[in-house]
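Remarks on the overall topology
The primary structure of each chain is shown beneath.
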Amino acid sequence: QVQLVESGGGLVQPGESLTLSCAASGRLFSSMGWYRQAPGMQRELVARIFSGGGTNYAEFVGGRFIISRDNAKNTVYLQMNNLNPEDTAVYYCNARSILKIGKWDDYWGQGTQVTVSS
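Here, residues in each chain are numbered from 1, in the same order as that chain's written sequence. Given that the model is predicted, a residue must reach a pLDDT of at least 70 before its local features are reported, and side-chain atom pairs must reach 80 or more before they are shown or counted; all residues, however, enter totals for whole chains, interfaces and linings. Side-chain numbers come from the whole structure's heavy atoms, not from hydrogens or water.

1. Some details on the environment of Tyr107
- Structurally, Tyr107 is set in strand β10 (residues 103-108).
- As for Tyr107 and Pro85, which are separated by 22 residues in sequence, their C-alpha atoms are 28 Å apart.
- Residues count as neighbours in contact if any of their non-hydrogen atoms are within 4.5 Å of one another. Sequence-distant contacts of Tyr107, defined by excluding residues within four places in its chain, comprise Val2, Leu4, Arg27, Phe29, Cys93, Asn94, Ala95 and Ser97. Comment: elements are numbered from the N terminus, with helices defined as DSSP H or I runs of at least four residues and strands as E runs of at least two.

Structural data, given as structure tokens:
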């Protein structure tokens, strides 16, 4: 049974920082990442980290966020700096298990609200 438990969301002011955590249980994953969904918008990728340590980020991150992973704890982190109101969204943890080339299973956390407001 795969479980992803997120923590770290909250209300911050513009320019402040926040770190999200996601602890996975059940198995190790080939990659883990963070997505976000603002009201009325589609869910979008924020950042992803692969088991070998490689990362990719959405363009809007602009160097403000850092994704990291502790394989021993099976936990992924998203350090978000210099937050702005446009970052307000529900952030979802994602874990991906590759089945074969071009086919994978995605698992999702319950989501954690991040609100950036003065």
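2. Quick notes on the packing of aromatic side chains
- What counts as a ring pair is set by centres within 6.5 Å for rings of Phe, Tyr and Trp (its six-membered ring), and what kind of pair is set by the plane angle: stacked under 30 degrees, edge-to-face over 60, tilted for all other angles. Overall, the coordinates contain 2 aromatic pairs when judged by the stated rule.
- With a centroid separation of 5.7 Å and an interplanar angle of 55 degrees, the aromatic rings of Phe29 and Tyr107 are classed as tilted. Within this pair, whereas Phe29 is found in the loop between β3 (18-25) and β4 (31-37), its partner Tyr107 is found in strand β10, the two being separated by 78 residues in sequence.
- Partly exposed describes any residue whose relative accessible area lies between the buried limit of under 20% and the exposed limit of over 50%, with all areas from a 1.4 Å probe on protein chains only and scaled to the type maximum. With a relative accessible area of 21%, Tyr107 lands in the partly exposed category.
- Over the ring of Tyr92 we find Arg43, and its NZ or CZ is 3.7 Å from the ring centre.
- Here, a charge over a ring means that NZ of Lys or CZ of Arg falls within 6 Å of the ring centre while also lying within 35 degrees of the ring normal. Above the ring of Trp108, the side-chain terminus of Arg43 is found at 4.6 Å from the ring centroid.

3. Re the environment of Asn74
- Residue position: Asn74 is located in the loop between β7 (65-70) and β8 (75-80).
- Measuring from C-alpha to C-alpha, the distance between Asn74 and Val90 comes to 22 Å, with 16 residues separating the pair along the chain.
- Each residue touching Asn74, except ones within four places of it in the same chain, is listed here: Cys22, Ala23, Ala24, Ser25, Arg27, Leu28 and Met32.

4. Points about the sheet that holds β7
- Paired strands, as defined in this entry, are two strands with at least two bridges between them according to DSSP. Within the open sheet, the 4 strands sit side by side as β1-β3-β8-β7. Their pairing is antiparallel. The sheet is open, and its two edges are formed by β1 (3-7) and β7, each paired on a single side. Between one strand and the next, the sheet's axes are offset by a mean angle of 15 degrees, whatever the strand orientation.
- Pairing geometry for β1 and β3, over 5 bridges, is antiparallel. Residue Glu6 lies in a different strand from β3, and its bridge partner there is Cys22. An axis is simply a line fitted to the C-alpha atoms; with a helix, the fit covers only the stretch in contact. Between two such axes, the angle follows the N-to-C directions and lies from 0 to 180 degrees.

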